[in-house]
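Commentary on secondary and tertiary structure
Spelled out from the first residue to the last, the chains are:
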Amino acid sequence: MKNNVLIGVKEIARQANVSIGTVDRVIHDRTGVSEVTRNKILAIMKELDYQPNILARRLASKKVLRFASLIPAVSSETEFWEAPLKGIQLAEAEIKQFGIVIDKYFYNQNDKQSFVEQSKKILKTNVDGVLVAPIFIEESLAFSKLCNLAKIPQVFINSDIPNESRLSYIGPDLFQSGHLSAHIVNYLVARHDKILIVNISKEIDSYHHLLRKEKGFISYFDGHEKEVEIIKTDITPETDYGSISVKLKAVLADNADVKVIFVTNSRVFSVAQFLEKNGLSHIRLVGYDFLTESIAYLKKGIIDFLICQKPQEQGYKGIITLYQNLVLNTEVEATYYMPIDIITKENYKSYRN
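Now for a description of the structure that goes with this document. None of the values given here were measured: they were computed from a predicted structure.

**Quick notes on the sheet that holds strand S11 (residues 335–337)**
The 6 strands are arranged S2-S1-S3-S4-S5-S11 in an open sheet whose pairing can be described as parallel. Each of the sheet's edge strands pairs with one partner strand only, and the pair in question is strand S2 (100–107) and S11. Here the average twist between neighbouring strands, direction ignored, is 15°. Where strand S3 (residues 129–132) meets strand S4 (residues 154–157), 3 bridges bridge the pair, whose relative direction is parallel. Directly across from Leu-131, in S4, lies its bridge partner Val-155. In the packing of helix H7 (residues 137–149) onto the sheet, contacts are made with strand S1 (65–72), S3 and S4, and the angle to S4 comes to roughly 155°. Docked against the sheet, helix H13 (residues 311–326) engages S1, S2, S3, S4, strand S5 (168–171) and S11, running at close to 160° with respect to S3.

**Considerations on the packing of aromatic side chains**
All chains considered together, the criterion is met by 12 aromatic pairs. On the basis of an interplanar angle of 50° and a centroid distance of 6.0 Å, the ring pair of Tyr-107 and Phe-136 is categorised as tilted. Taken together, the residues span a long stretch of sequence, with Tyr-107 in strand S2 and Phe-136 in the loop between S3 and H7 at a distance of 29 residues. The same class applies to Tyr-107 as to Phe-136, namely buried. Of the aromatic side chains, those joined through ring pairs into one cluster are Phe-217, Tyr-220, Phe-221, Phe-262 and Tyr-288. In this structure, Lys-213 is placed above the aromatic ring of Tyr-288, and the distance from its NZ or CZ to the ring centre is 3.8 Å. Positioned above the aromatic ring of Tyr-336 is the side chain of Lys-317, whose terminal nitrogen or guanidinium carbon lies 4.3 Å from the ring centre.

Rules used in this analysis
- Every residue gets a number counted from 1 within its own chain, in the order that chain's sequence is written.
- Only residues with pLDDT of at least 70 get local features here, since the model is predicted, and only at 80 or more are side-chain atom pairs given and counted; chain-wide, interface and lining totals rely on the full set of residues.
- Water and hydrogen atoms were dropped before computing side-chain values, which therefore reflect all heavy atoms in the structure.
- Following DSSP output, two strands are said to pair if at least two bridges run between them.
- Runs of H or I in DSSP of at least four residues are treated as helices and runs of E of at least two as strands, each being numbered from the N terminus.
- As a rule, the C-alpha atoms of each element are fitted with a line to give its axis, helices using only the stretch in contact, and angles between N-to-C directions run from 0 to 180 degrees.
- Only heavy atoms enter the contact rule, under which two residues are in contact if any of them lie within 4.5 Å.
- Any two rings among Phe, Tyr and Trp, with Trp reduced to its six-membered ring, count as a pair given centres within 6.5 Å; such a pair is stacked if its planes are under 30 degrees apart, edge-to-face if over 60, and tilted if neither.
- Per-residue accessibility, obtained with a 1.4 Å probe over protein chains only, is compared with the maximum for each type, and a residue is labelled buried under 20%, exposed over 50%, and partly exposed between these values.
- Only when the NZ of Lys or the CZ of Arg is both within 6 Å of the ring centre and within 35 degrees of the ring normal is a charge said to sit over the ring.

Such coordinate-based values are descriptive only and should not be taken to indicate function.
In C-alpha cells:
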C-alpha cells in the first residue's frame, strides 16, 4: 500500500476524472459504466492498492450472512467438544458486527442418525457457509455433496473427509499424529517389547480419524530395528468405564508383558483410571487431548504424554475462514494442519489451547 495510507474513493475519482458515484458503481460491480471507464478505474484502484471499507459495505448492504456450525455436543463421556465450541463463540464475537449470525447445531457423537437429522435442519435454512466436524464418514460425505449442490462452502475441523471437495480443512494431520505418537513411544520401549493400541468408540468403523492415527502409529514401527510387537483392542460399542475395565483386564491377562498403551483419542483418562485402580501404573501411557480428567492423571505420572492439537483454535479459525472467503473474498488455505503439541506434567501449566 503506497506510503501506508488508505486511499479513498475521492482520490480514485480525481485521478480517473469521473464522479464519486461512478467509482462507487465500479466498486460494487453495478451497471451504468462504460467498459473503458470501468477498466480505467480498476487500473487506478490496483495501482493505489485500494482497500474498500468492508465494515461500511456490510452495514450498508443490511444483508445478514448466516453460518452454521455442526459439531458433537459435549457429553458425559468427554469434555473435548467444549473447546471447539468456545473457539466458535470467540470468532462469533469478533465478526457479528459485520452482520453475521452463527447458528449452532449439535449431534450425538455416538449416534449417526442425530448427525443426519441436524444436517437436514441446516439444509432447510438459508445458510451461507457451514463449519462441520465430520466424524461419520458416509453421512458426512452425503451432507457435503448436498452442500456442494447448493453451493454452500464448507470448512471441516478435527478430521477431514478424503476425496471430497470442501473450502478448507483445519485440524490435525491424523496419520502424522499417529506417527509422532509412535516416535514418542519408541523412547519408552526396548527391543521386542509389546505395545497395546486401544481404540475406544461406539462407532469404531465410522471413526475414520481413529483408524488413521492407528495406521500412522503402526507405520512408524514397520521394519524398525526394535521389532516391537504391536497388539490392539477395540472397545465398542459400550464405552462406559465398567466396559473398558472388563476389556482391558481380559487383554492384559493374555498380555501381561505390555510395556506401553497408546490410546487413539481423548478417552485415555479412562485407561489411566483403570491402571491406577489395578496397580498397573508401571505401564507407560500415551493418549490425546488437554482435558481436565487427563491432566489429573498426567500430574500423577500415570499418563506420560498427551498429544494435543488446539481444538479451540480449530473452531475459531474455521469460522474466520468462512468469513475471509464470504466477506473479504480472499483465498483461504485448502488444508491448514494444526501443530502437534506434546504435553507432559512438566509443561502442562504453561500450555494454552
